[in-house]
Amino acid sequence: MNKNMFQHRIDELRSEIERHNRLYFVDNDPEIGDREYDELMRELVEIEKEHPDLVVPQSPTQRVGSEPLTEFSQISHQVPLLSLGNAFNDDDLHAWHERMAGLIESNKFELACELKFDGLAVALVYENGLFVQGATRGNGATGEDITSNLRTIRSIPLKLIGDYPSRFEVRGEVFFPKSEFRKFNEYREENGLDTYANPRNTAAGSLRQLDSSITAQRPLDIFIYGLGWVEGDFPIPKTHIRSLEYLKTLGFKINPFNQLAPNIKNAIEFHQKWVHNRNSIDYDCDGVVIKIDSFDYQQHVGTLGREPRWAIAYKFPSTQSITKLLDIRVNVGRTGTINPYAVLEPVNVGGVTVKQATLHNEDYIEGKDLRIGDSVVVERAGEVIPQVVSSQKTRRDGTEQKFLMPQLCPSCGSPTIREAEESALYCRNNSCPAQLVRLVEHFVSKSAMDIDGVGGKIGTLLIESGLITDVGDLYTLRKEQLTKLERMGEKSASNIIGAVSDSKDRPLSRLLVALGISHIGTEVAENISNRFGNMEKIMQASEESLTDIPDIGPKIAKSLTTYFQSATNLLLIDKLIRAGLNMEEKNDTGLSQAQEQVLRDMRFCVTGRLQQFSRSEIQNLIKELGGSASGSVSSRTNYLIAGEEAGSKLSDAARIGIPVLSEDDFLAMIQQRPFYDDDA
Ligand code: IVH
């Protein structure tokens, strides 16, 4: 192949990959699976490796981030990015509308209604259809050049499709999806990293990384909400909504809920609807934006100072309220952390009554100088747990009390300890009853040993009645001991004994998670189990050999080795070994290599009640066999497995055309595949 032919194939691959990016990240309607996508990408990477001179910044291969910067350079915005005036109630909005009606002769004008996304404003410049520069809003006149970071966001097109002006700018809001934010913080918590307060801060932190390869690992997304400027005399639609529809045809991601309102009453209804529905979408919004739809009228009414007159933000009711901090109390966590929380005078925050809020740790209380008796600002952002944001110092009357963390554990009375570089205070008594209750809850949970029927209540009963002194004792419980407990029937007792016994075969990594060692979450545990292969080797692992494993830093390594230095913990492991728990990482699942991956890259959704598997059992099996299981049916699902009383997912599957399997079909599938392979 000569150079031209390579260039030709490269162009073909790039537009095909960008098309699939668009289908997946913008339109939510993929055509191909991960494997086919990876295949295209691999071919492009290979050709580009052979021909580095053909690599351009707009190649999809460049979405993984580039060389770290030492600082961001400043960019002067060609047209300043304005802010918005606010309306807080219907009267404010009517007043704005009347002012505009007074300025527009015909007195009649339509309104564009949009959500007001709570993320970060960015401006993206396209030259000849290529994304060439992206900047933050900054102070409105100058922002920072974050082009490399923005390039990693898959829903930002690097190359446009269709017809477009030779140079123009679009504006939009970058955000961190709420569901991803929850996962992200969970991961950080499990791995001993600081957590973020809300999706907005996380988006900001991710966009302001000097190393764009870090940004590339964050699932950022964007909605484009307007044109900045356009050069030349390219014919652009004459109204806002139509201009957004046009931008959509170029490949930009536009919010699907934008709506044209013929009059102010409809705009108010739009606001009202989203006050109720705001929690049903996967991104934070703090209001709606109402804009005069006609560009001519927009220009006519113009701008006043830093705010356009033609648009206004109609905010949602606040998710912050002020109340009294009645007391600060602590509870004891599973790893012995002493966790302070606020007891509040009950207050309505965005429609929900809040009585308690987390205070995280001693530093949080000191940093905000929170005192018992203070008036405090409480916030409930999305579905995240309530936070105390600040205290109102000017409202103090001198009766407020500083809070001191307890020197003794409130549950067992052992001295509490704060170690260097840790923000948490700990009770280090391994047999502290409060810790044991939390540990039992954790040990039996779905992501750990998955023991059905033993929750916090039963755990507390078992501990209080002296039947268990550690989680190892669960395995020697007898039915007649259980039936003596309050309100425990024969059937529940047998179920518990059965579930406990079933859990003995859980993978080693799950047992490692179940032990409740600080900073050891699922992913870390899987890496450790895979590396060492059995419990004995893990127990003997040095800190150095642990930090050799990807994603394991000194904090995690230290936590693990410290755990295995404690005599109590060693006795517990011994008890678990004697009870017959699996202590080996079984790569060898008893299946042949071909069988092991029979479900490779297949996506399943499971619904209804199954006969032979619990929900998590079948999900684990699918995973072990190389597939994945998700909670909902989408066009990316390959099969729906439906048990008894399957509900709406069946009709979803029928609508999208996803084949439905019974449990037996599924079993046949995993048992038969290897024979086909062998025959081939
Ligand atoms: S229009 C001149 N539309 O709100 C018009 N802004 O206070 C200004 N924002 O920083 C932009 N969603 O990033 C517009 N649908 C939307 C928006 C939106 C969020 C942000 C924007 C700006 C702030 C204005």
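Please refer to the structure placed before this passage.
This structure is a prediction, so every number in the text was calculated from the model and none was measured.

Caption draft 1: Looking closely at the pairing of strand β16 (residues 352-358). In this structure, strand β15 (residues 337-349) lies alongside β16, joined through six bridges in antiparallel fashion. Following the sheet pairing, V349 is matched in β16 by V352. Counting the residues between successive antiparallel strands, the hairpin from β15 to β16 contains two residues, one of them, G350, with a positive phi of roughly 50 degrees.

Caption draft 2: Examining the site of the ligand more closely. The local shell around the ligand holds 14 residues, among which E114, L115, E173, Y225 and K291 are the closest. A distance of 3.4 Å is found between an oxygen atom of the ligand and a side-chain nitrogen or oxygen belonging to K116. Contact distances for the ligand include 3.0 Å between a nitrogen atom and a side-chain N or O atom of K291. Isolated, the ligand exposes 510 Å² of accessible area, and the fraction of that covered by the protein chains is 87%. When residues of the shell around the ligand are traced back to their parent elements, those giving at least two are β3 (111-117) and β10 (285-292).

Caption draft 3: Summary view of the sheet that holds strand β24 (residues 660-661). Read across the open sheet, the four strands follow the order β22-β21-β23-β24; overall the sheet is parallel. Looking at strand neighbours, the two that pair on one side only are β22 (628-630) and β24, the edges of this open sheet. Examined bridge by bridge, strand β21 (residues 603-607) and strand β23 (residues 639-642) share four bridges and lie parallel to one another. The partner of V606 across the bridge, within β23, is I641.

Caption draft 4: Expanded view of the nonpolar core. Formed by 54 residues in total, the largest nonpolar core has its most connected members in L474, Y475 and I528. Looking at this core, the elements that each hand over two or more residues are α12 (433-443), α13 (456-464), α15 (490-502), α16 (508-514), α17 (522-532), α18 (535-540), α20 (554-563) and α21 (567-578). Discounting residues that sit within four places of it in the chain, I528 has contacts with L512, I520, G533, I538, L546, I549, I552 and L560. Among the nonpolar cores identified, the runner-up in size contains 30 residues, and F131, I156, V170 and A204 belong to it.

Caption draft 5: Local environment of the pattern of salt bridges. This structure, assessed with the given rule, holds 37 salt bridges. Residue R9 pairs with E12 through a salt bridge whose shortest N-O separation is 2.7 Å. Placement of both R9 and E12 in helix α1 (residues 3-26) is noted, with a separation of three residues, approximately one turn of the helix. E12 sits in the partly exposed class, given a relative accessible area of 36%. Measuring nitrogen to oxygen at the nearest pair gives 3.0 Å for the salt bridge that ties R19 to E31. Taken together, the residues R19 in helix α1 and E31 in the loop between α1 and α2 (34-50) connect sequence positions 12 residues apart. Residue classification places E31 among the exposed residues on the basis of a relative accessible area of 52%.

Caption draft 6: How the structure looks around the packing of aromatic side chains. A complete count under the given rule lists 18 aromatic pairs for this structure. Ring centres of F175 and Y283 lie 5.3 Å apart, and the angle between their planes is 50 degrees; this geometry places the pair in the tilted category. One end of the pair, F175, is in strand β7 (residues 167-175); the other, Y283, is in the loop between α9 (264-277) and β10, and 108 residues separate them in sequence. Comparing F175 with Y283 shows no difference in burial state: the two are buried. Grouping aromatic residues by their ring pairs yields a cluster made of F117, F175, F223 and Y283.

Caption draft 7: Quick look at α20. When α20 is considered as a whole, its buried residues turn out to be I556, A557, S559, L560, T561 and Y563. Those residues of α20 that are buried are in contact with α17, α18, α19 (543-547) and α21.

Caption draft 8: The sheet that holds strand β9 (residues 259-261), seen in detail. Strand order in the open sheet formed by five strands is β2-β13-β10-β3-β9, with mixed pairing between adjacent strands. Single-partner strands in this sheet number two, and they are β2 (85-87) and β9. In this sheet, adjacent strand axes meet at a mean angle of 35 degrees when their direction is disregarded. Two strands pair when backbone bridges link them, and β10 and strand β13 (residues 311-315) are joined in this way by five bridges, in the antiparallel orientation. Bridging across to β13, G287 finds its partner in K315. Lying over the sheet, helix α3 (residues 90-103) contacts β2, β3, β10 and β13, oriented at roughly 170 degrees with respect to β13. Along the sheet face, helix α8 (residues 240-250) touches β3, β9 and β10 and points at about 60 degrees away from the line of β3.

Caption draft 9: Focus on the side chain of D293. Relative to the helices and strands, D293 is located in the loop between β10 and α10 (295-301). This buried residue, D293, is left without a salt bridge; R242 holds the nearest opposite charge, at 6.2 Å. At a separation of 2.9 Å, a polar atom in the side chain of D293 contacts the main-chain amide nitrogen of I241. Dropping the residues within four chain positions of it, D293 is found in contact with E110, L111, A112, K238, T239, H240, I241, L260 and Q298.

Parameters and conventions
- Counting starts from 1 at the beginning of each chain's written sequence and moves along it residue by residue.
- This being a predicted model, a pLDDT of at least 70 is required before a residue's local features are given, and a value of 80 or more before pairs of side-chain atoms are given or counted; all residues contribute to the totals for chains, interfaces and linings.
- Calculation of side-chain values draws on the structure's entire complement of heavy atoms; hydrogens and water are dropped beforehand.
- Two strands pair if DSSP finds at least two bridges between them.
- Working definition: helices are DSSP H or I runs of at least four residues, strands are E runs of at least two. Numbering for both runs from the N terminus.
- Throughout, the term near means that a residue has one or more heavy atoms lying within 4 Å of the molecule or strand in question.
- Throughout this description, a polar contact denotes any pair of N or O atoms lying within 3.5 Å of each other; where both atoms belong to protein, one of them has to be capable of donating a hydrogen while the other can accept it, and for residues adjacent in sequence the pair is counted only when both atoms sit in side chains.
- Only the protein chains shown count as cover for residues, with accessible areas throughout obtained via the Shrake-Rupley method and a probe of 1.4 Å.
- Here, nonpolar core refers to any group of buried Ala, Val, Leu, Ile, Met, Phe, Trp, Tyr and Cys residues whose side-chain atoms link them within 4.5 Å.
- Relative accessibility thresholds used throughout: buried, under 20% of the residue-type maximum; exposed, over 50%; partly exposed, between the two (1.4 Å probe, protein chains only).
- Here, residues are in contact when the closest pair of their heavy atoms is within 4.5 Å.
- Definition used for salt bridges: Asp or Glu carboxyl oxygen within 4 Å of a side-chain nitrogen of Lys or Arg.
- Between 30 and 60 degrees the pair is tilted, below 30 it is stacked and above 60 it is edge-to-face, where a pair is any two Phe, Tyr or Trp rings, Trp via its six-membered ring, whose centres lie within 6.5 Å.
- Note on method: axes are straight lines fitted to C-alpha atoms, helices fitted across the in-contact stretch only, with angles between N-to-C directions ranging 0 to 180 degrees.
- The charged-residue count follows a simple rule in which Lys and Arg add positive charge and Asp and Glu add negative charge, with His and chain termini not counted at all.

Bear in mind that shape data such as this cannot, by itself, settle questions of function.
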